[in-house]
Amino acid sequence: MNLFTRTWEDQVKCPYLLGNTINTFVSYDDGESVMHKAQYVKDHNAKGVIIWEITGDYIETVPGSGIISGTPLLDSLIAVFTDPMQDHFELQLKAYLDGAFNGTQMTTALNSILPLSHPFNPALPYFGNPMPDWYYTGAGAVGAIPNPNVVDWVLVELRDAATAATAIKATMVAQMPGFILNNGSIVSLDGASNLQFSNVIANNLWVVIYHRNHESIMNANVIPYASGTFTYDYSTGVGQTYGGAAGHKEITPGVWGMRSGDGDGNCDVQNADRDNVWDIQAGKTGYLPSDYNMNRQTNNVDKNDKWRPNLGTGSQVPN
Ligand SMILES: [Ca+2]
Ligand SMILES: [Ca+2]
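Residues numbered from 1 in each chain as written. Chains lettered and ligands numbered in written order. Predicted model: local features only at pLDDT ≥ 70, side-chain atom pairs only at ≥ 80, totals over all residues.

Peer 1: Could you give me a rundown of the pairing of strand E2 (residues 14-19), with the residues and numbers involved?
Peer 2: Side chains on a regular strand alternate between the two faces of the sheet. Direction of pairing for strand E1 (residues 4-9) relative to E2: antiparallel, over a ladder of six bridges. Counted as the bridge partner of Arg-6 is Leu-17 from E2. Here E2 pairs with strand E3 (residues 25-27) via three bridges, running antiparallel. Within the sheet, the bridge partner assigned to Leu-17 lies in E3 and is Val-26. Taking the residues between adjacent antiparallel strands as the criterion, E2 and E3 are bridged by five residues. (Pairing = 2+ DSSP bridges. Helix = DSSP H or I, 4+ residues; strand = E, 2+ residues; numbered from the N terminus.)

Here it is in structure tokens:
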């Protein structure tokens, strides 16, 4: 190789060789250029691309020995196509809302009056709170609620950090509205498929679930990944949510859910959620922040059965 100098053409992401003493030009692919081509296929969901022949993709232990010790181009392809930290993945998530839970699943009493645009962009201040924890001004709307099993909107937030404790708000890399179904599944706006993201996660993935009148939760454990999908169920045990018993509540034996009663969106349940929200809506019907059991009506049941038992608790999602 001392006869040639490798030169990189960045626009086409390909190397070439120029002769040092002889007037020669050699075009070829190497591990770096093949990596870019594989990434292009992945990014564009292409069926393939044409590349320079790779019949010479081997390194001999000793030149001329015929004993192959490595295949760098193939190794590059494998690295790109099998790396879970590449940039397209799905989330298959499950969680329960304490307010809507009826013992076996969640009520869909709000289904026919749900807003067609996500509710996370209200006028501010919001019942005295200058900035709800879930405030989100991005897109998220449907022509019709897609599924009779939709309970409500949720906001899903991705954070990229080494540990749960260090997954603070500043490590956020994406937010996306979705729907939570009566069986706890969190789905995209078509009402059925997993949420899909195009992000590179450099460390570990931490996923925060927000609901407009429940305390937010985040996974406590690294989320298993297989075949392009991260799968996590927050409801199966006290240890599934960061903060343990302080981070969520047991809503029926063995099943854990997000705490209701947070009318003003600060992810704490305190007197303000009664005084600033429930008090002024008591007796009303509709899609209301103070309807803590999500049955369309704000009354004493919301205050006594959902707000009061959670009074003094707060989200354990890192700030
Ligand atoms: Ca609150
Ligand atoms: Ca109610």
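Peer 1: I'd like a description of helix H4 (residues 300-307), backed by residues and values.
Peer 2: The complete set of buried residues in H4 reads Asp-302, Lys-306 and Trp-307. The arc enclosing the buried residues of H4, seen along the axis, measures out at 75°, which places them on a common side. Away from the buried face of H4 by more than 90 degrees, exposed residues Asn-300 and Asn-304 are located. On its buried side, H4 packs onto helix H3 (271-281). (Buried ≥ 20, exposed ≤ 12 C-beta atoms within 10 Å, placed from the backbone. Arc of directions from axis to C-beta. Contact = placed C-beta atoms within 7 Å.)

Peer 1: I'd like to hear about the sheet that holds E2, residue by residue, with values.
Peer 2: Backbone hydrogen bonds hold the strands of a sheet together, and the pairing may be parallel or antiparallel. As summarised here, the arrangement of the three strands in space is E1-E2-E3, forming an open sheet in which the pairing is antiparallel. The open sheet is flanked by E1 and E3, the only strands paired with a single partner. Shown here is a sheet whose adjacent strand axes are inclined to one another by a mean of 25°, direction ignored. (Axes fitted to C-alpha atoms, helices over the stretch in contact; angles between N-to-C directions.)

Peer 1: Residues and numbers for the nonpolar core, please.
Peer 2: In this structure, Ala-95, Val-156, Val-207, Ile-209 and Met-218 are the most contacted members of the largest nonpolar core, which totals 50 residues. Elements with a contribution of two residues or more to this core: strand E6 (89-94), strand E7 (150-161), strand E8 (172-181), strand E9 (185-187), strand E10 (195-197), strand E11 (204-211), strand E12 (214-218) and strand E14 (229-233). Here the element with the most residues in this core is E7; it accounts for eight residues. Filtering out sequence-adjacent residues up to four positions away, Val-207 remains in contact with Leu-91, Leu-93, Val-156, Leu-158, Met-218, Asn-219, Ile-223 and Tyr-232. Among the nonpolar cores identified, the runner-up in size contains seven residues, and Tyr-126, Phe-127, Trp-278 and Trp-307 belong to it. (Core = buried A, V, L, I, M, F, W, Y, C linked by C-beta atoms within 7 Å.)

Peer 1: Pulling in residues and values, what's your account of the packing of H3 against H4?
Peer 2: The geometry of H3 relative to H4 is characterised by a closest axis approach of 11 Å and an angle of 155° between their N-to-C directions. Judged on the interaxial angle alone, H4 and H3 are roughly antiparallel. The element H3 and its partner H4 pack so that their crossing is right-handed. Here Asp-273, Arg-274 and Trp-278 of H3 lie close against H4, whose contacting residues are Asp-302, Lys-303 and Trp-307. Residues of the contact of H3 with H4, tallied by class, amount to two nonpolar, no polar and four charged. (Parallel < 35°, antiparallel > 145°, perpendicular 65-115°, else oblique. Left-handed = near helix turned anticlockwise from the far one by under 90°. Nonpolar A, V, L, I, M, F, W, Y, C, P; charged D, E, K, R; others polar.)

Peer 1: Got a sec to walk through the environment of Asn-20? Specific residues and values, please.
Peer 2: Here Asn-20 is to be found in the loop between E2 and E3. Distance in space between the C-alpha atoms of Asn-20 and Leu-3 is 5.4 Å, their sequence separation being 17 residues. Filtering out sequence-adjacent residues up to four positions away, Asn-20 remains in contact with Leu-3, Phe-4 and Thr-5.

Peer 1: Outline the pairing of strand E15 (residues 249-252), supporting the account with residue identities and numerical values.
Peer 2: Note: E15 against strand E16 (residues 255-257), three bridges, orientation antiparallel. Across the sheet, residue Thr-252 finds its bridge partner in E16, namely Val-255.

Peer 1: Describe the domain arrangement of the protein, listing the residues and the values that go with them.
Peer 2: In terms of domains, the protein is made up of domain 1 (4-82) and domain 2 (89-310). For domain 1 and domain 2, the distance between their C-alpha centroids amounts to 47 Å. (Domains from an automatic or database assignment.)

Peer 1: Kindly report on the environment of Gly-103, identifying the contributing residues and their values.
Peer 2: Mapped onto the elements of the fold, Gly-103 is located in the loop between E6 and E7. Sequence separation between Gly-103 and Pro-253 is 150 residues; the distance between their C-alpha atoms is 9.6 Å.

Peer 1: I'd like a rundown of unusual backbone geometry, residues and numbers included.
Peer 2: Of the consecutive residues Leu-124 and Pro-125, the connecting peptide bond is found in the cis state with omega at -5°. Checked against the element boundaries, Pro-125 lands in the loop between E6 and E7. At Cys-267, a residue that is not glycine, the phi angle is positive and equals roughly 65°. By the secondary structure assignment, Cys-267 is in the loop between E16 and H3. In this structure, Met-294 is a non-glycine residue whose phi angle is positive, near 60°. With respect to the helices and strands, Met-294 occurs in the loop between H3 and H4.

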